[in-house]
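Analysis of the macromolecular model
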Amino acid sequence: MGGIQEKSAEVAIVGGGPVGMGLAIELGQRGIRTIVVERHATPQRVPKGQNLTQRTMEHFHFWGAEKSLRAARTIPKEYGIGGLTAYGALLGAYHYDWLQRSLVRPFYFTDNERLPQYATEAVLRARAAELATVEVLYGWTATGLGQDAEGVTLNAAGPDGELRIRARYAVGCDGSRSLVRESAGITQTLSDHDRLMVLLVFRSTELHRLLERFPGKSYYNVLHPDLRGYWQFFGRVDLGETWFFHAPVPPGTTKDNFDFLPYLHRAVGASFAAEFEHIGFWDLRFAIADSYRSGRIFIAGDAAHSHPPYGGYGINTGFEDARNLGWKLAAALRGWSGPALLDSYDAERRPVFASTARDFIEKAIENDRSFLEKFDPARDRAAFEAEWKRRGSGATAEVHAFEPHYEGSRVLVGAPGEPSAVGDHRFAARAGHHLAPVTLSSGRNVYEELGSGFALLAFDGDSVAIERFREAAAAAGVPLRIVEDDRRDGRDRYEARYVLVRPDQFVAWAADDPADAHAILLRAAGHPA
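Model, not experiment: these values are computed from the prediction. (Residues numbered from 1 in each chain as written. Predicted model: local features only at pLDDT ≥ 70, side-chain atom pairs only at ≥ 80, totals over all residues. Heavy atoms only, no water.)

Quick notes on helix H1 (residues 18-29)
For clarity, the threshold we go by: Runs of H or I in DSSP of at least four residues are treated as helices and runs of E of at least two as strands, each being numbered from the N terminus. Each helix should span, by expectation, one fewer than its residue count multiplied by 1.5 Å. With a 1.4 Å probe rolled over the protein chains alone, any residue whose accessible area is under 20% of its type maximum counts as buried; one over 50% counts as exposed, and the rest are partly exposed. We call two residues in contact whenever any of their non-hydrogen atoms come within 4.5 Å of each other.
Between the first and last C-alpha of H1 there are 16 Å, a value that for twelve residues agrees with the 16 Å anticipated at 1.5 Å per step. Judged by how many residues are buried, H1 sits mostly within the fold: eleven of twelve residues are covered. Taken together, the buried positions of H1 are occupied by Pro-18, Val-19, Gly-20, Met-21, Gly-22, Leu-23, Ala-24, Ile-25, Glu-26, Leu-27 and Gly-28. Among the structural elements, strand E1 (4-14), strand E2 (34-38), helix H4 (117-129), strand E7 (134-138), strand E10 (161-172) and helix H8 (314-334) are those in contact with the buried residues of H1.

Points about the pairing of strand E11 (residues 188-203)
Where we set the bar: Only strands that DSSP links by at least two bridges are regarded as paired with each other.
Pairing of E11 with strand E15 (residues 275-289) involves 13 bridges; the strand directions are antiparallel. Opposite Leu-199, over in E15, you have Gly-280 as the bridge partner.

A short note on the sheet that holds strand E23 (residues 498-501)
Applicable threshold: Note on geometry: axes are lines fitted to C-alpha atoms, helical ones only across the stretch in contact, with angles between N-to-C directions running from 0 to 180 degrees.
The strand order across the open sheet built from four strands is E22-E21-E23-E24, with neighbouring strands paired in mixed fashion. Two strands lie at the open edges of the sheet, namely strand E22 (480-485) and strand E24 (507-511), each paired on one side alone. The sheet shows a mean angle of 10° between the axes of neighbouring strands, taken without regard to direction. Judged from the four bridges that link them, E23 and E24 form a sheet pairing that is antiparallel. Each residue of the ladder has a partner; that of Val-501, found in E24, is Val-507. Sheet strands in contact with helix H11 (residues 463-476) are strand E21 (454-459), E22, E23 and E24, and its direction is about 170° off that of E22.

Now the structure itself:
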């Protein structure tokens, strides 16, 4: 075809992986005309990003895709999706349960899930196809991006030639080598561990039989003294046959000059037959963009931050980016937000990733390295076993402590502090923190009543105060749903009569006294105080 095709949208997204498609659904459900440019016609069948937290599954609930996602899982629900940490070899004498996310289940509306990223992407693609407001251009590659005072211009090349897309905003969800990030002039801060890692995907029914001694486990972390705190990590792709394996390898390793099967045998502690399907490599490093925004251009997911696949934080962090940014872009496009709201995306999300990398992933590597240097069962079994037992107990603390929050954000009321991934799970409603679920007197969960805009929860609230919130929302054009109930049957655990919940289920304000409804709503929507 001759000439350049022209298209227009309110938001153009580069990258139709899980984060890009999640953002497109978030926007499309809010009536925002969205175009996604995705170079791959079908999801890439490399198993990664498998552990989906309870919080991520809340996103799928609100995206109308939770049921489909659970139906797509590759491991039967009755088997379990727990984790295990072992010392020396997987079949060695020492092991303990790891990443028991069920411990924090009461604080979330949904159960966690586990399935390969390509299966997750397929579900998201199908959901996006149901939205008339979302157009996905598969097989197209972004080639350039520019912006001016009125919007952005995205150029792409594909099977039908060249394309120019004009939009109000652009979002780069195009991975760690993001063209959008580079086009916007956004720099990165890198932390390189100088470690080459291998990703193996293989089939082995014999390994499944060997690991039947660990029922209900789907991922396994092996600590070996020779690897100085870096993990050997096995994960099930399905039940009985397909696996993936991450581990350090010597510099210069290629798929042709290294014998990977004996390496697997050493990590497991037994021999077994295996058929390799994929051998790939990646460098162990952390990267975070120095800003998540440049004018009308935003970045999310791996384009904004990347880290080793330790602990299942990556894909879940990217999904939270999409939820945080999506409603804020919609508010800006529909005219009810102030300037601070879009700025708050960077201010809230970037510190949370920095904390995730520092306080959980890098800390885990450092703690494992220190443990392996200090303790050895061959040298002092009693001391080793005491410390191993302590570590097993500490593994539960990590799950409780990972509670990303936005304390200190300019669009919250009464939340001093700084955004961080380190927190604690409570039912008390706290500004900047995720809202825990409770059952209402109707028998429905509060999450079933929140809606797509702001929600004011009023427990034994004053009718005059509630009406002031309703009037203030109407005057400001802020979408607001009122949910009234009493404080009985556990609803007093919120420790507040009034709770203002954002569209992403984070608390914007909570108190017993109604205060100034107009000022509270304006601040939550990003307007000057």
